[in-house]
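A closer look at the structure
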Amino acid sequence: MLLACLAVLAGATVQAAAGFGLALIAGPALVAVLDPTEAVTTLMVLATTTTLLLLLVRRGPRPAVRWADVRVVALAAVPGILAGVAVLAVVSKSALQLAVGVGVLAAVALQVLRRPVPGRAPPSRWATLGVGLVAGLLTTTTSTNGPPLVLWLERRQVAPAEMRDTLAALFLALNLLGAAVLTATGRAGQALRPEVVLVLLAAAVVGHVVGRRLFHLLDVRRFRAVGLTLSALAGVASIGAALG
């Protein structure tokens, strides 16, 4: 449980500063120490809490959310969320750990190797629908739905503040949809353990507060590089746990 607390603390810190990172960093650790369904459901609770804190508890201007994009992605995610519940019911824990690790490492590699190209055309509507579908599938299988959303917004050359707020709104929408589906299938209530959720929530809130302070003190791109490094280590650990 100590590993899970430290991972949630680090993930919430990175997410509050850079807009993403909670699921990437905490997801592999939670899958390693909890039952797959419990890990996904618990991470949804943590992610929903931190995104609400980011969107509602703030000083200064209102959140800069691209609501039109949020609506399109959320609608496209619904079939993926439903498919993810079916996958979660039949896939073993080791296979899920391996998938999480490989997915995280692939996402980190894409982030590191990709170079911005000024003037490049934004993703098509079909690409946007595909991103929503994949993000929905990841929401109810591993909860690591951040990478496709981050890459998609970066391809659109969204400004940092707008990206952070839009990601928060997307995570909130996807987590609420995922929680609704898991609740309707009877999985959410069975999976959650209040004592585990409360401990991890405390770590998430502390990390969120620290990350907000760091957002104003540190260079965001440098801090994002730290988050990617931690994500890569978490991915390697997940693969090691699956193969061990």
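One can find the structure itself at the top, above this paragraph.
Residues numbered from 1 in each chain as written. Predicted model: local features only at pLDDT ≥ 70, side-chain atom pairs only at ≥ 80, totals over all residues. Heavy atoms only, no water.

1. Comments concerning a nonpolar patch on the surface
Formally: Exposure above 30% relative accessible area and the absence of a salt bridge qualify a residue for a patch, where like charges join within 9 Å and nonpolar side chains (Val, Leu, Ile, Met, Phe, Trp, Tyr) within 5 Å. Surface accessibility in these figures is a Shrake-Rupley result with a 1.4 Å probe; residues are shielded only by whichever protein chains are displayed. Salt bridges are identified by distance alone: a Lys or Arg side-chain nitrogen within 4 Å of an Asp or Glu carboxyl oxygen. Where helices and strands are cited, they refer to DSSP runs of H or I of at least four residues and of E of at least two residues respectively, numbered from the N terminus.
Together, Leu 2, Leu 6, Leu 9, Val 206 and Val 210 give the surface a local cluster of nonpolar side chains, amounting to about 430 Å² of exposed area. Secondary-structure elements contributing two or more residues to the nonpolar patch are α1 (2-18) and α10 (194-217). Among the elements that take part in the nonpolar patch, α1 stands out by supplying three residues, more than any other. Residue position: Leu 6 is located in helix α1.

2. What to know about the side chain of Thr 51
Under the convention used in this document: Whenever a nitrogen or oxygen atom comes within 3.5 Å of another N or O atom, the pair is scored as a polar contact, on the condition that within protein one atom can donate a hydrogen and the other can accept it, and that pairs from neighbouring residues in sequence are kept only if both atoms are in side chains. Note on contacts: a residue pair is in contact if any heavy atoms of the two residues lie within 4.5 Å.
Mapped onto the elements, Thr 51 comes out in helix α3 (residues 36-56). One polar contact links the side chain of Thr 51 to the main-chain carbonyl oxygen of Ala 47, over a distance of 2.8 Å. Setting aside residues up to four positions removed in sequence, Thr 51 forms contacts with Gln 15, Ala 168, Phe 171 and Leu 172.

3. Re the pattern of salt bridges
Within the structure shown, the criterion is met by four salt bridges. We note a salt bridge from Asp 69 to Arg 66, for which the minimum N-O separation is 2.8 Å. Where Arg 66 meets Glu 162, a salt bridge forms, and the shortest distance between an N and an O atom there is 3.6 Å. Taken together, the positions of Arg 66 in the loop between α3 and α4 (67-90) and Glu 162 in helix α8 (residues 160-184) put the pair 96 residues apart, joining distant regions of the chain.

4. Examining the packing of helix α6 (residues 125-141) against helix α7 (residues 146-155)
What counts, and what does not: Here an axis means a line fitted to C-alpha atoms, over the contact stretch when the element is a helix, while the angle between two N-to-C directions is reported on a 0 to 180 degree scale. By definition in this entry, angles of less than 35 degrees are roughly parallel, angles greater than 145 are roughly antiparallel, angles of 65 to 115 are roughly perpendicular, and the rest are oblique. Throughout, a crossing is termed right-handed when the near helix is turned clockwise from the far one, and left-handed when it is turned anticlockwise from it by less than a right angle.
Interaxial distance between α6 and α7 falls to 8 Å at its minimum, and their mutual angle equals 160 degrees. Classified by the angle between their axes, α6 and α7 sit roughly antiparallel to one another. As α6 runs across α7, the sense of the crossing is left-handed. Residues Thr 128, Val 131, Val 134, Ala 135 and Leu 138 of α6 pack against Pro 148, Leu 149 and Trp 152 of α7.

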